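Working through the structure, step by step
Listed below are the residues making up each chain.
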Amino acid sequence: MPIAARPRRASGRTAALAALTVAAGTVLIGVPGTAAAAPGDNGDVKIHNPDTDPGDPRNEPKVCEFYLDALNFDALEHFTYTIDGQGNGPNAGTGHLSGSATADANGAAHTGTLTLPDGLYKLVWKGDNWQGAGKQKVFTVDCTSPSPSPTPTPTSTRPGGGPGGPNGGPPAGGGGLARDAAMGPVAGAAAVGLAAAGGAVWLRLRRRPHGA
C-alpha cells in the first residue's frame, strides 16, 4: 500500500503543474505585445522667404512669397500639409493650399515657392504615421505695394530758360550786339559834331605861335 500511494501523489503533482502551466499560458495570451515605435514628429517646419536658405532655424511669420522648410525629421519620411485662412475680420486669409513632401536622408524637406492672397493663415504639417494634430504655424501674407518713384524736379517757368540758364539779356556794354543797337542816328550826329569842334580848336591852337 505505501508503494502504491507514491505514484498517485506524483500524478497529483503533475496534474497541478500542468494546470498551472495552462493557466499561465492563458494569462500570457491575454497580454498585448509591445507595439513597434512609429516614426515620430521630432522635427520642425518653418515659414521662409524665398531668399532665406533651407535649413535656417529662423521662422519668418510675415512673408509675401514663401516656402515651407522642414528639418530634423526621420529620413525619407513623407508629409502632407494644408494652409487655410484664419480670422473673420479684414485681415483674414481667403486662400487655401495643400500638398506633400518627402524628407531626404538627413530628414530635411522643403517645398517650392508658394503664394496666397494677403491675410492671416495657419499651416498644418503632418507625417503619414503621426498621431495628433501635427505641426502648426500661424503666419501673415502681406505683399505691400512697391515704393512710388521719386517725383522729378519741376522745370523752371521763369523767362530765360530753366535752372542754370541765362536770365534776361546781356548787361549794358557787355556785348557787341547791345553796342550796335545803341548806335542810332542821333548818336552818329553827335559824334560828327564833336569831331568837327575838336578840329577847329586844334587849328586855332596851331596858328597862335605864328601870330595868326
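Model, not experiment: these values are computed from the prediction. (Residues numbered from 1 in each chain as written. Predicted model: local features only at pLDDT ≥ 70, side-chain atom pairs only at ≥ 80, totals over all residues. Heavy atoms only, no water.)

**A few points about the sheet that holds strand β7 (residues 119-127)**
Read from one edge of the open sheet, five strands run β2-β8-β7-β4-β5, paired in mixed fashion. Sheet topology places β2 (62-63) and β5 (96-102) at the edges, where each strand pairs with a single neighbour. With seven bridges connecting them, strand β4 (residues 78-85) and β5 associate as antiparallel partners. Among the inter-strand pairings, Thr82 is bridged to a residue of β5, identified as Ser98. (Pairing = 2+ DSSP bridges. Helix = DSSP H or I, 4+ residues; strand = E, 2+ residues; numbered from the N terminus.)

**Digging into the side chain of Glu60**
Structurally, Glu60 is set in the loop between β1 (44-48) and β2. For Glu60, the side chain forms a polar contact with the side chain of His48, separated by 3.1 Å. In this structure, Glu60 is in contact with Ile47, His48, Asn49 and Thr52, ignoring residues within four places of it in sequence. (Polar contact = N/O pair within 3.5 Å; in protein donor to acceptor, adjacent residues only side chain to side chain. Contact = heavy atoms within 4.5 Å.)

**Observations regarding the state of the cysteines**
Using the criterion set out here, one finds one disulfide in the structure. There is a disulfide in this structure between Cys64 and Cys143, and the S-S distance comes to 1.9 Å. Looking along the S-S bond of the Cys64-Cys143 disulfide, the torsion reads about 105°, which is the right-handed sense. Pair noted here: Cys64 is in the loop between β2 and β3 (67-71) and Cys143 is in the loop between β8 (135-141) and α2 (176-182), with a separation of 79 residues, a long-range link. Given the relative accessible area of 28%, Cys64 is considered partly exposed. (Disulfide = S-S within 2.5 Å. Buried < 20%, exposed > 50% of the residue type's maximum accessible area, 1.4 Å probe, protein only.)

**Concerning the sheet that holds β1**
Paired through backbone hydrogen bonds, the strands of a sheet run either parallel or antiparallel to each other. Spatially, β1-β3-β6 is the arrangement adopted by the three strands of the open sheet, whose pairing is antiparallel. Each edge of the open sheet carries a strand with a single partner, namely β1 and β6 (109-110).

**A look at the confidence of the model for the protein**
When pLDDT is averaged along the protein, the result is 72; 49% of the residues meet or exceed 70. Note that pLDDT drops below 50 for residues 1-8; the model gives that stretch zero contacts with residues more than four away or on any other chain. The low-confidence segment residues 20-37, where pLDDT is below 50, has zero contacts with residues more than four positions distant or belonging to other chains. (pLDDT = per-residue confidence, 0-100.)

**Looking at unusual backbone geometry**
Located in the positive-phi region is Asn72, a residue other than glycine, with phi close to 70°. Structurally, the position occupied by Asn72 is in the loop between β3 and β4. Positive phi, close to 65°, is recorded for Leu76, a residue that is not glycine. Its place among the elements puts Leu76 in the loop between β3 and β4. Its relative accessible area of 63% is what places Leu76 among the exposed residues.

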